[in-house]
Each structure stands twice: as structure tokens, then as C-alpha cells.
Amino acid sequence: MKRTIIIMASFGLVAGACTDSIEDTQTPIDPNGQTGGSEENTFNHENQYDVWEMIRRLTEEGPPELTSHLHSCSKVRYANLGNVLASLGVNITDTTPVSAGDLYQSGFNALGGPNYANRIRENISINTSGASRMYDIFAAAADQVITAVPTLTRCQVAGVGAQLFDATTNACRADGITCITGYPAQAAHLDFCNLAVSSATDVATGKRLAVAAILAAAYTCE
Amino acid sequence: MKRISILLLVVATTFACGGGGDGGGGGDDGSGSGSDDILSKREFDYSAALRIAALRLTGDIPTMQEINSVAQAPDLAAQKAAYETLLTDYMNRPTFARQMFLFWRDTFKMGETAEFDTAAALAAQLTVTNGAYTNLFTQASGNCPTFDGTNFTAAECTNGGPKAGVLTNPGAMKLFFSNFAFRRVKWVQETFNCLKFPVELGGAPVDVGGASPYTGVWPFQSIAGASNGGRVNFQDVSSVICAHCHQTINHIAPLFATYDMNGQFQNQISVPTPLDGAPLAQATDYLPTGEALGWRYGVPVTDLPSLGAAIAADPKVAECGVARIWNWALGKKDIVDALEQVPTETIQSQLDAFIASGYKLKDMIRAVYTSDDFTKF
């Protein structure tokens, strides 16, 4: 709690400046020139939090005493996404335009990759650019995944591979969904998957959409 | 909990400069029985825990075989046992080293080139070998290992000067170079103490001529300013009370000021000031003559190794280490940048075990990944 108070006190420092704009956070330059403070002439004093964001989060999610006990809904990290795609049979080094590999490689920034040269960590928040790029990647990768799953060692049990779709009925299969999501498939997964397949203009498109949507749901929020 | 809400409300009202705010509050602040209900409704789901643990610790999802070993276990106890067996396996794989290396890169906000990767490599090496977290601040040799994605290769840092774990890392000193070495101090503070400055408030209020009193714990005159020979007035109160942060910063920064812009140790202060012509800083710019250095008020230090020892002995630093691992495991954003606070009570058992174990990193990670909070959804 002491830490909270200290943090709040730092809010207070900002409040003390009594600015109308939360963007205007630089320490004003002293008219006597003794305490210069801006990015142009000294250490960057950007050192406070977005109070409104904190209030919004507190209102929507609850206090740290609750939220710290709960898993958050972060997107999969960029490197891990590459690992997962590769292990599901996707060629992530493919440079063919708009292939899954190309979209993955060129999506580093959109997916929130870190910028260590500028001392910025990876952004694991779900945002529009990241989520849409991730969906594009999964849509482009779906055919490769569907083809690869039966032969992937990671999807095998006692030497028998998994299948995403039944070869004769085109119905979605639990073992395939389990393998690509990393979690035992539930009835809702199968229902959704089958609905996507049957609702599409053709079966191949439906399968592609179903796999892409399942992957997107699984990895935009771990 | 309620205090947080009230404080935020006060802050919001203050921030608005009197622009309304009914001061209402009231209502459900998310604490108490509401939170208890939410927490008590969670159930163990070792399959979900396995998936997240696999992504964090191996960088990939579990295999079918692994998924089934947990999901098809006959009861909860068997699922728990299967999950923990796999957890041990994951933490003994080469991919664990890679994942920890990436974790520390992100924690340190630096890497991806050889010169900036040694700090993450050292931390990852300590993690994989179940070394002590405190070695990050006190280790006197072998502080610049390299990591090839699988193996660590021991190496010494070649930037000269004293050695104190990552505190003297050449990459860190270079990347966080700035006027007065303040950015280096900020990096150490936020990375290892999980708080932005100011961090030493709570002293008796003292009227120093500003709009609000000075409430730091160091004497106001213990830092340099226009009144005692400093060329930059850290005692300025015209906008904010600069001393609230600089009381602490200025007692640490001179130790980091002897590293130049390339992270090389020099025998004299080698960081510039924001004054005209960017002259090098002087000792009297930070503190008045005779004032001793300190990690915190009452915790004097004389050099970087003693600073490292003081940091290692700070219980809040150990707590910060556990909190960072906790947030990583539970998919939280950064504890400082995003203010993803972890109350001490939340991680008390893991923190106690961490301290009792001698700050063993790998053991602590396992404790987090086997906690009820991690395995309940």
C-alpha cells in the first residue's frame, strides 16, 4: 500500500503542475535557465502515468488486489508466434508476398515487437493493428496448417496423427483443434468450427476460415 | 483497495484543477466480497495452465501427448502431478534458456545486438542454473556471458572499472547513457525496484518555498542546487519539487557517471550536463561537498559494488523480482510502464520462499507457475 501511496504521490506531482492537458508533461524551463527540462536540453522528465487510463482500468477491471490474482488476456509474443506457426507446419521464412511467412516477417512492428534500440519493450496488448495482422497471418497460413497437421509429430499420439477435418464428412475433429490450440477442444470449438465450414461459400473456404478464426481466438488472447 | 480508489479520485479531481469532481466514490470499488466472489469462483484448470506455461517456458504450445497426459489424468490430483512433471521438463529444456533470455531482454529493455545482450545473457544464465537473483547486483566476475540460443559462454566484461553484476554492464551503461547518468539510475530503479521516482516520500513536510511542502526523507539541502554550488538547481520549486525525485537520484547517479557514452569506465565523471556547451558533470552538481552517496536514506554506499550489495539487501528489490516474474507468467504488462501492480499479499508465499531459498531464480519461477493463481481460471 505504501507503494501505491508513493505512486499516487507521483501523480500528485503532475497534478501540482495543474496543466489542462495530460500530454503537456514536460517540466517547464525555468526562466532563469537553471533547471532546464525538456527532451531538447536535458534528461527527459516524462515520468508519470496516464491517470485517466489508470482510472479507466480500475473501473473496468478492478483493483490490483483482485486483478493481480487473475490471468490477463495478452497476445502471444512475436517470437512465440513464429515458433507456434513453424511448429504447425507454416513456412515462416517464405518471402512470397502476402504469404503467412511474409506477413509474419513484415509484421514485426504491427505485432508490437520490441524496439530495444529505443529502450522499448514488446507490446503484448491487443490492438487493432496487431490483431488484424495476426488474423491475416492465420488466414494465409490456414491451408498450410490443414495440410500439415496429419503429419506433424507434435500432433501425434502413439504414432497416429491428428486431423482437423474428417476426410469424408468434412466435419471438424477435436484432435486437430486440440493440437493447433494447445488446449483440449471443447464442444463449443467444434460447433463454431462446423458452423464456419458449413456457412461458407464452399468447403475449402470454410475450412480456411474456421482454422484461421480458431487460431486467432487462441493466440490474440492467450 | 478503497484507498486506491479514493486516492485515484482525489488525483483525478486535483488533476482537473478544480474542474468539478463530485467526490462521490461510494459504490462498489471492486474490493471486499465482490473480489472474493470472483476469486472463489475460479477452478483449477491444469490444461489451460499447461498451455500458458508451455508458451512462456518453451515458446511453443504443448504437444498432443503432453496435453493428453494432463487432460486424461483421472482426477485433479493426477492432473496436478502431470502438470508439474511437465513443468519440470519444460524448465530443463534448452528452449527454457532461450525463453528466459528473451524475458530478460524485455525486462531490461535492451538486446538484439552482441553488445547489448550480455546483461540478458547473465540474467538468463543465473535463471537456468538456479542462481541467486542477488548475483545480478553483486557478481564480481563473469558478468558478460554470451548466449547462442542454446548455450551460454562465460566471458568477462571488458569495459573496465568495478564489477557488480548487470549494474556495471557495458551495454546497459551505453544504452542508458544520458546527461548526469540519470537515465542509468532510472533504469536501475524501475527495473529492479519496480517504481518510478519519487521513491522516498513520507518525510515530515518542510516548507521550501514551493506551492507544496517538501516531503522527502533526505534533508532538502543534501542535494546540490543554486544555494550550495550546484550548476543545476535541483532544489528548484518553481514548478514541482525537483528534490522529491532528485533527493534519491543525486545520491546514486555519481556512481554511474564515470561510464562514458560507450559504456566504458573512466577514472573521472564522463557524462555531460544540459548546460550550455554540454560540459561534463561535476561531483558538486549532484551533491554538496561532503555529502555521502546512498542507495536510500540511511543506506550509505561508496562505490558500485557496495551499491550492488545495498540493492541486493533491499527487500523491495526481491519483491520486485518476484512481481516481475508473476506478471510475466500471468500475461500482465509491465509493472512500471503500465502500472500493473502486484500487491505484496498476492505474492507473499512466493516471496517468502524466494528469500528463504537464497533468492534462487529457477525455484521462484517454478513456485509462481505452480501457484493456485496461475493454475486457476
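Residues numbered from 1 in each chain as written. Chains lettered and ligands numbered in written order. Predicted model: local features only at pLDDT ≥ 70, side-chain atom pairs only at ≥ 80, totals over all residues.

Some words on the overall build of chain A
Next, step 1: What chain A contains, in helices and strands, is 9 helices and 0 strands.
Next, step 2: Relative to its 222 residues, chain A shows a buried fraction of 41%. (Helix = DSSP H or I, 4+ residues; strand = E, 2+ residues; numbered from the N terminus. Buried ≥ 20, exposed ≤ 12 C-beta atoms within 10 Å, placed from the backbone.)

Some thoughts on the overall build of chain B
Next, step 1: Looking only at helices and strands, one finds 17 helices and 6 strands in chain B.
Next, step 2: With the C-alpha coordinates aligned to their principal axes, the bounding extent of chain B is approximately 75 × 60 × 35 Å.
Next, step 3: Considering only contacts in chain B between residues 6 or more positions apart, those separated by 24 or more positions represent 59%. (Contact = placed C-beta atoms within 7 Å.)

A closer look at the nonpolar core
Side chains that are nonpolar tend, in soluble globular proteins, to be buried together.
Next, step 1: Of all hydrophobic cores here, the largest spans 154 residues; its most connected members are B:Ala124, B:Ala253 and B:Leu307.
Next, step 2: In contact with B:Leu307, not counting residues within four places along its chain, are B:Ala164, B:Leu167, B:Ile252, B:Leu255, B:Trp295 and B:Val301. (Core = buried A, V, L, I, M, F, W, Y, C linked by C-beta atoms within 7 Å.)

A short note on the domain arrangement of chain B
Next, step 1: Assigned domains of chain B: these are domain 1 (46-90) and domain 2 (176-308).
Next, step 2: Look at where the C-alpha atoms of domain 1 of chain B and domain 2 of chain B centre, and you get two points 48 Å apart. (Domains from an automatic or database assignment.)

What to know about helix 14 (residues 315-329) of chain B
Next, step 1: For helix 14 of chain B, built from 15 residues, the straight-helix expectation of 21 Å at 1.5 Å per residue is met to within 8% by its first-to-last C-alpha distance of 21 Å.
Next, step 2: Counting buried positions along helix 14 of chain B gives 13 out of 15 residues, so the element sits mostly inside the fold. (Expected span 1.5 Å × (residues − 1).)

Thoughts on the packing of helix 6 (residues 94-108) of chain B against helix 7 (residues 114-128) of chain B
Residue and element names in this part refer to chain B.
Next, step 1: One way to put it is that helix 6 packs onto helix 7 with a least axis distance of 8 Å and a crossing angle of 135°. As judged from the angle between their axes, helix 6 and helix 7 are oblique. Our pair here, helix 6 against helix 7, has a crossing hand that is right-handed. Across the interface between the two elements, Phe-96, Ala-97, Met-100, Phe-101, Trp-104, Arg-105 and Phe-108 of helix 6 pack against Ala-119, Ala-120, Ala-121, Ala-123, Ala-124, Thr-127 and Val-128 of helix 7. (Axes fitted to C-alpha atoms, helices over the stretch in contact; angles between N-to-C directions. Parallel < 35°, antiparallel > 145°, perpendicular 65-115°, else oblique. Left-handed = near helix turned anticlockwise from the far one by under 90°.)

Thoughts on the environment of A:Gly161
Next, step 1: Among the secondary structure elements, A:Gly161 is positioned in the loop between helix 6 (128-148) and helix 7 (174-181).
Next, step 2: For the pair A:Gly161 and A:Val149, spaced 12 residues apart in sequence, the C-alpha separation works out to 7.3 Å.

Description of the confidence of the model for chain A
Next, step 1: The predicted model of chain A has a mean per-residue pLDDT of 84, with 78% of residues at 70 or higher.
Next, step 2: Low pLDDT (under 50) marks residues 4-36 of chain A, which in the prediction has 67 contacts with non-local residues, meaning those over four places away or in another chain. (pLDDT = per-residue confidence, 0-100.)

A word on unusual backbone geometry
Next, step 1: For the bond from B:Phe197 to B:Pro198, the omega torsion is 5°, close enough to zero to count as cis.
Next, step 2: By secondary structure assignment, the location of B:Pro198 is in the loop between helix 10 (182-193) and strand 3 (201-206).
Next, step 3: With a phi close to 65°, A:Asn170 is a non-glycine residue in the positive phi region.
Next, step 4: As for its placement among the helices and strands, A:Asn170 is situated in the loop between helix 6 and helix 7.

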